[in-house]
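# Descriptive structure summary
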Amino acid sequence: MDTSVAAGVELVLRSTRVVTPEGTRAASVAVSGGKIVAVTAHDAAVPHGARLEDFGDDVLLPGLVDTHVHVNDPGRTEWEGFWTATRAAAAGGITTLVDMPLNSLPPTTTVDNLRTKQDVARSKAHIDVGFWGGALPDNVADLKPLHDAGVYGFKCFLSPSGVEEFPELNQDQLATSMAEIAGFGGLLIVHAEDPHELDAAPHTSGPKYADYLATRPRVSEDTAIEKLIALAKRIGARVHVLHLSSSDAIPLIAAARREGVRLTVETCPHYLTLTAEEVPDGASEFKCCPPIREAGNQDLLWGALADGTIDCVVTDHSPSTADLKTDDFATAWGGISGLQLSLPAVWTEARKRGHTLDDVVRWMSTRTAELVGLDRKGAIEAGRDADFAVLAPDETFTVDPAELHHRNRVTAYAGKTLSGVVKSTWLRGERILHGGEFTEPAGRLLERNN
């Protein structure tokens, strides 16, 4: 280590397995002022005055970056809040999240509303938090001011969102918002389900999951994505498809990429680890939109993730109070609570399919950071924030809802045995979780332009 660097080192984290951009290797990671200043040999001398934390064979990962989280605070804080959401995230090795603009009241659709949300989050965030803005039929004039205020992009729906204060865009409104956002170099992120295909699908109610699945067919996603691609190609916009669940859309996405469309795509742990075949009737903790589909569909999603057609994996953590999770799939709230369990859930399935922790880090940290331009996050290398998760990848645990930190302890993973226990979580060189104990909130509010 360069002597000028060594002089300022305050902390060294050491492991026989450190996940770096060059691969997993034995290494020591030197930290100063909350930043990584060097990644050196495992047996490198510890600079005078620095503290050593040796994790043995536990894996040192970059903190995960989850760019799709519904915190719901303020307004629906009984569903979830910044205090509980960020604790759950930290317990799952997530050190940065980007909050979705809806399900809170007010939604993040004006600068004033953004400031309201930031004021609420500031003292409650255990990890770093950024914000998405929202694109509504009537707020085109607010998009540039929100961009300048630091949101990371703009979410829209093409079908009803489930909350009346966040209406969907029709195709003309989508084109108008997309052109406006493209004009200032912004990012549009899209809940892509076509309303006409949803209207044409069966309208059933009751406890049978198969009936619910039929109400949101793959073609609703495929059609919406096809239209989105055509519009993005014409306008030259940068667009991102949220929570892809239909494998039938993968060829459309791959073809658009080959044609130069500026398109990225995410999927979620529940689509990669849960299947329609295993959902019990009446178990609406499994309900989400778009829905969890069949095992064969899941295999194709994994293939697209492996070959890079799908860029990243995010939770779409969308909780509610337990009373809204009724046994009628038609009326139950649609959302999976997954912040705390996303890393072990994905790792458990990934290792079965021959993937490594390097792959998981790429999908859940590096590429998510790249999506929103967080160049200080997402990797263990000099110059990045000293955000880490320490993982015992071979240890297993059985999911007990009572041990979750989400405000409402409802989970589709209850009773499942997962691999990967997060031993500690670090934010800018400070340990914020260890042995199940949290420090006081130390998260910062992030803005795109600083």
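Above: the structure in question.
Each chain carries its own residue numbering, running from 1 in the written order of its sequence. pLDDT decides what is reported in this predicted model: residues at 70 or higher carry local features, side-chain atom pairs at 80 or more are listed and counted, and totals for whole chains, interfaces and linings draw on all residues regardless. Water and hydrogen atoms play no part in the side-chain values, which are based on all heavy atoms of the structure.

### Some points on the environment of Phe438
Within the secondary structure, Phe438 sits in strand 18 (residues 437-438). Spatially, the C-alpha atom of Phe438 lies 9.4 Å from that of Thr425, the residues being 13 residues apart in sequence. Two residues form a contact once any of their heavy atoms are found within 4.5 Å. Those residues in contact with Phe438 that lie beyond four places of it in its chain are Arg87, Ala90, Ala91, His126, His405, Ile432 and Leu433. Note on conventions: DSSP H or I runs of at least 4 residues are helices, E runs of at least 2 residues are strands, and numbering of each starts at the N terminus.

### Let's talk about the pattern of salt bridges
The rule for a salt bridge is simple: a side-chain nitrogen of Lys or Arg has to be within 4 Å of a carboxyl oxygen of Asp or Glu. In total, this model carries 29 salt bridges according to the counting rule given. Asp194 serves as the salt-bridge partner of Lys227, at 2.9 Å between the closest nitrogen and oxygen. Pair noted here: Lys227 is in helix 8 (residues 218-235) and Asp194 is in the loop between strand 11 (187-191) and helix 6 (195-200), with a separation of 33 residues, a long-range link. Working definition: with a 1.4 Å probe on protein chains only, accessible area under 20% of the residue-type maximum means buried, over 50% means exposed, and in between means partly exposed. Given a relative accessible area of 4%, Asp194 falls into the buried group. Here Asp248 ties to Arg218 by a salt bridge, and the two come within 3.3 Å at their closest N and O atoms. Residue Asp248 is found in the loop between strand 12 (238-241) and helix 9 (250-258), and its partner Arg218 is found in helix 8; the two are separated by 30 residues along the sequence. For Asp248, a relative accessible area of 40% corresponds to the partly exposed category. Judged by its relative accessible area of 23%, Arg218 falls in the partly exposed class. Several salt bridges share partner residues, and in doing so they unite Lys35, Asp128, Arg376, Lys377, Asp385, Asp387 and Arg428 into one network.

### Quick notes on the packing of aromatic side chains
Two aromatic rings, taken as a pair, are described by how far apart their centres are and by the angle between their planes. Under the pairing criterion, centres of Phe, Tyr and Trp rings, with the six-membered ring standing for Trp, must be within 6.5 Å; the plane angle then separates stacked pairs below 30 degrees from edge-to-face pairs above 60, leaving the rest tilted. Within this structure, the stated rule accounts for nine aromatic pairs. Considering the side-chain rings of Tyr212 and Phe329, the 5.7 Å spacing of their centres and the 20° angle between planes classify their relative orientation as stacked. Placement of the pair is Tyr212 in helix 7 (residues 209-215) and Phe329 in the loop between strand 14 (312-313) and helix 12 (342-352), with a sequence separation of 117 residues. When the centroid spacing of 5.8 Å and the interplanar angle of 70° are considered together, the rings of Trp302 and Trp363 count as edge-to-face. In this pair, Trp302 sits in helix 11 (residues 295-306) while Trp363 sits in helix 13 (residues 357-372), placing the two residues 61 residues apart along the sequence. Each member of the pair, Trp302 as well as Trp363, is classed as buried. Whether a charge lies above a ring is judged from NZ of Lys or CZ of Arg, which has to be within 6 Å of the ring centre and within 35 degrees of the ring normal. The lysine or arginine in question, Arg76, covers the ring of Trp79, its NZ or CZ lying 5.3 Å from the ring centre.

### Some remarks on unusual backbone geometry
Following Asp73, the chain continues to Pro74 via a peptide bond in cis, the omega torsion being 5°. As for its placement among the helices and strands, Pro74 is situated in the loop between strand 6 (64-69) and helix 2 (82-91). Pro106 follows Leu105 through a cis peptide bond whose omega is 5°. Among the secondary structure elements, Pro106 is positioned in the loop between strand 7 (94-99) and helix 3 (111-121). With a phi close to 50°, Asp316 is a non-glycine residue in the positive phi region. Secondary-structure assignment places Asp316 in the loop between strand 14 and helix 12.

### Topic: the nonpolar core
Counting residues in hydrophobic clusters, the biggest one holds 100 residues, and the most contacted among them are Phe154, Leu174, Met178, Leu188, Leu244, Leu263 and Val360. With 14 residues, the next largest nonpolar core counts Leu13, Ile36, Leu60 and Phe388 among its residues. Side-chain atoms within 4.5 Å are what join buried Ala, Val, Leu, Ile, Met, Phe, Trp, Tyr and Cys residues into a set we call a nonpolar core.

### Regarding the pairing of strand 17 (residues 430-434)
Bridge count for strand 16 (residues 417-427) against strand 17 is four bridges, and the pairing is antiparallel. When the sheet's bridge partners are listed, Ser424 is paired in strand 17 with His434. Count of turn residues in the strand 16/strand 17 antiparallel hairpin: two residues, of which Arg428 carries a positive phi of about 50°. A strand pair is defined by DSSP finding two or more bridges across the two strands. Bridge analysis of strand 17 against strand 18 gives two bridges, and the strand direction is antiparallel. In the strand pairing of strand 18, Leu433 is matched with Phe438. Counting the residues in the hairpin turn of strand 17 and strand 18 gives two residues, including Gly435, whose phi is positive at 60°.

Purely spatial values, then, with no claim about function.
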